[in-house]
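The residues making up each chain are set out below.
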Amino acid sequence: MKRTIVLTVNGASRTVEAEPDTPLLYVLRNDLGLKSPKYGCGFEQCGSCTVQIDGVAKLSCGITCAEAEGKPVVTVEGIGSRAKPHPLQTAFIVEQALQCGYCTAGILMAAKVLLDNNPDPSEAEIRTALRDNLCRCGSQPRVVKAVRRASSEMARDRKSTRLNSSHVSESRMPSSA
């Protein structure tokens, strides 16, 4: 029996009428119109439906909408825009880390969770974090390069932010005269 499910998706509260055991993937795509999570296998085997839930990479085909209720859900649509892409999105373009694009959103979300938790991962850590995301096109070496590029870019951004905030703090310090 359908019931009202309230989800927080990409920072916005969204209400849907759905069977509680409906896979989150179906609700995201069919009810909310978010097309980045893809139906690849339906058996939690390919990673094309990966989203971020409570800061963790989750396969949205294997979690119900009721299980996601009350938890923040993030899809690729929520990490950047055409005007201001996330550093991962930019790095994927620069490194040409996608071909057909079917797996890309899932890989981006798994990589985002990795960088949120480990801003300077090794190649082995990147490969481990992305091992559940299959890509039949063979772009994995470029994906690893893109994640490393994004990590470096994000580190530069953090350093720049720290420097800018320290200059602001110094300029507000009272003089000792």
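Structure: above.
These notes cover the structure that comes with them. By convention here, each chain's residues receive numbers from 1 onward along its written sequence. Given that the model is predicted, a residue must reach a pLDDT of at least 70 before its local features are reported, and side-chain atom pairs must reach 80 or more before they are shown or counted; all residues, however, enter totals for whole chains, interfaces and linings. Only heavy atoms go into the side-chain values, all of them from the structure, while hydrogens and water stay out.

## Observations regarding the overall build of the protein
Then, number 1: Numbering goes from the N terminus for both helices and strands, where a helix is a DSSP run of H or I of at least four residues and a strand is a run of E of at least two. What the protein contains, in helices and strands, is six helices and five strands.
Then, number 2: Each principal axis of the C-alpha distribution contributes one length, and for the protein these read about 75 × 40 × 25 Å.
Then, number 3: Under the scheme applied here, a residue whose accessible area is under 20% of the maximum for its type counts as buried, over 50% as exposed, and between as partly exposed, the area being computed with a 1.4 Å probe on protein chains only. By residue count, 39% of the 177 residues in the protein fall in the buried class.
Then, number 4: Any pair of residues with heavy atoms lying within 4.5 Å of one another is described as a contacting pair. A fraction of 57% describes how many contacts in the protein between residues 6 or more apart in sequence connect residues 24 or more apart.
Then, number 5: In short, Shrake-Rupley with a 1.4 Å probe defines the accessible areas, and a residue's cover is counted only from the protein chains shown. When the accessible surface of the protein is summed, it comes to about 10100 Å², and 52% of that surface belongs to carbon and sulfur atoms.

## Focus: helix 3 (residues 87-94)
Then, number 1: Residues L88, Q89, A91 and F92 constitute the buried set of helix 3. Down the axis of helix 3, the smallest arc covering the buried residues is 165°, so these residues share one side.
Then, number 2: After helix 3 finishes, the residue Q96 shows a positive phi value of roughly 50°. The arc in question is the one traced by the directions running from the helix axis out to the C-beta atoms.

## Comments concerning the pairing of strand 3 (residues 50-53)
Two faces belong to every sheet, and in a regular strand the side chains alternate between them.
Then, number 1: Side-chain alternation along strand 3 places T50 and Q52 on one buried face and V51 and I53 on a second face that is also buried.
Then, number 2: Strand pairing follows a simple DSSP-based rule, namely that at least 2 bridges must link the two strands. Pairing analysis gives four bridges linking strand 3 to strand 4 (residues 56-59), with the strands arranged antiparallel. Each bridged residue has a counterpart across the sheet, and for T50 the counterpart in strand 4 is L59.
Then, number 3: In this structure, the hairpin formed by strand 3 and strand 4 is closed by a connection of two residues, where D54 is found at a positive phi of approximately 55°.

## Concerning the nonpolar core
Then, number 1: The nonpolar core is taken to be a set of buried Ala, Val, Leu, Ile, Met, Phe, Trp, Tyr and Cys residues, with the residues joined through side-chain atoms within 4.5 Å. Counting 25 residues, the largest nonpolar core has L88, F92, I107, L130, V143 and V147 as its most contacted members.
Then, number 2: Secondary structure elements with two or more residues in this core: helix 3, helix 4 (104-117) and helix 6 (140-172).
Then, number 3: Ranked by residue count, the leading element in this core is helix 4, at eight residues.
Then, number 4: For V143, the residues in contact, after removing those within four places along its chain, are F92, A97, I107 and L130.
Then, number 5: Of all hydrophobic cores here, the second largest spans 16 residues; its members include V9, L28, V51 and I63.

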